[in-house]
Amino acid sequence: MVGCADILSVLYDIVAQAISILDVITDVLVLVAFYQSERYTFFYLSLSILILALLSYTFAFGWKIQSVDGLPQFVCLLLMLLPFSPFIPFLFYFCPDRDSLIARCLKYFCCVDLEFEHTKDTKQDSTLKRFKNQKLARHLGFVLESLFESFPQSILQMIAIVYYRESN
């Protein structure tokens, strides 16, 4: 039986992913607008923020992979993951545990074994705490996106609006 909390949880997940996709699209559009209007300082700053965000997703996902031994293999893995880094927040979401379909596919096809060391819920934990732990584990990529990309980009865009005295 599906309860109201389950429906709200799924709705929350869908809205969070939609906002993430729209945020990246608008950031790329702003990046293009900075370039076309020859505001190269803001263009390069915005591009740097996007690259930092992509590197943070890649590093966080690389950290979650258990089958890497040593620094050279870890660096090689990060370089291999870099082209796919815009999709890594979704991998965090769709690979909540070892038994998920995508986690099993990654292990079978890519020889990548994910490590899941998030805190285990006990029966003594409140429903809210279990919900929080589950959402944090699944939304880690989106939290990283907010921290390294969305928040800095919004500050940069506000500075550009004030500097150029334009609101469009």
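Criteria and thresholds
Residues numbered from 1 in each chain as written. Predicted model: local features only at pLDDT ≥ 70, side-chain atom pairs only at ≥ 80, totals over all residues. Heavy atoms only, no water. pLDDT = per-residue confidence, 0-100. Helix = DSSP H or I, 4+ residues; strand = E, 2+ residues; numbered from the N terminus. Buried < 20%, exposed > 50% of the residue type's maximum accessible area, 1.4 Å probe, protein only. Lys, Arg positive; Asp, Glu negative; His and termini not counted. Salt bridge = Lys/Arg side-chain N within 4 Å of Asp/Glu carboxyl O. Contact = heavy atoms within 4.5 Å. Arc of directions from axis to C-beta. Phe/Tyr/Trp six-rings, centres within 6.5 Å; stacked < 30°, edge-to-face > 60°. Lys NZ or Arg CZ within 6 Å of the ring centre and 35° of its normal. Core = buried A, V, L, I, M, F, W, Y, C linked by side-chain atoms within 4.5 Å.

Trainee: An account of the confidence of the model for the chain is needed here, citing residue identities and associated values.
Mentor: Looking at the chain as a whole, its pLDDT mean stands at 79, while 86% of the residues score no less than 70. In the model of the chain, helix α5 (residues 101–110) stands out as the element of lowest mean pLDDT, 74, in contrast to helix α2 (residues 40–64), which has the highest, 87.

Trainee: How would you explain the side chain of D23 if you had to name every residue and give the values?
Mentor: Positionally, D23 belongs in helix α1 (residues 4–36). With no salt bridge to any partner, buried D23 finds its closest opposite charge in R39, at an N-O distance of 18 Å.

Trainee: Which residues make up the side chain of D27, and what values go with them?
Mentor: Its location among the elements puts D27 in helix α1. Buried and without a salt bridge, D27 has R39 as its closest oppositely charged side chain, separated by 15 Å. Once you skip the residues sitting within four places of it in the chain, D27 turns out to touch L50, E149, Q153 and Q157.

Trainee: An account of helix α3 (residues 71–81) is requested, with residue identities and associated values reported.
Mentor: All buried positions along α3 are accounted for by F74, L77, L78 and L81. Taken down its axis, α3 places every buried residue within 100° of arc, on the same side. Away from the buried face of α3 by more than 90 degrees, exposed residues P72, C76, L79 and M80 are located.

Trainee: Mind laying out the packing of aromatic side chains, listing which residues take part and the relevant values?
Mentor: If you walk through the whole model with that rule in mind, you get 7 aromatic pairs. Ring geometry for F34 and F42: centres 5.7 Å apart, planes at 35°, overall tilted. For F34, a relative accessible area of 7% gives the class buried. When its relative accessible area of 8% is taken as the criterion, F42 is described as buried. It is R39 that lies over the ring of Y164; its NZ or CZ is 3.9 Å from the centre.

Trainee: An account of the environment of F34 is requested, with residue identities and associated values reported.
Mentor: Here F34 shows up in helix α1. Residue contacts for F34: discarding those within four places in its chain leaves R39, F42, F43, S46 and A160.

Trainee: A description of the nonpolar core should follow, citing residues and the corresponding values.
Mentor: Counting residues in hydrophobic clusters, the biggest one holds 12 residues: A53, Y57, A60, F61, L77, L81, I88, F92, C95, A103, L106 and L144. Only α2, α3, α4 (88–94) and α5 provide two or more residues apiece to this core. Broken down by element, this core gets its largest block of residues, 4 residues, from α2. Ignoring any residue separated from it by four or fewer positions in sequence, one finds L144 in contact with S56, Y57, A60 and E149.

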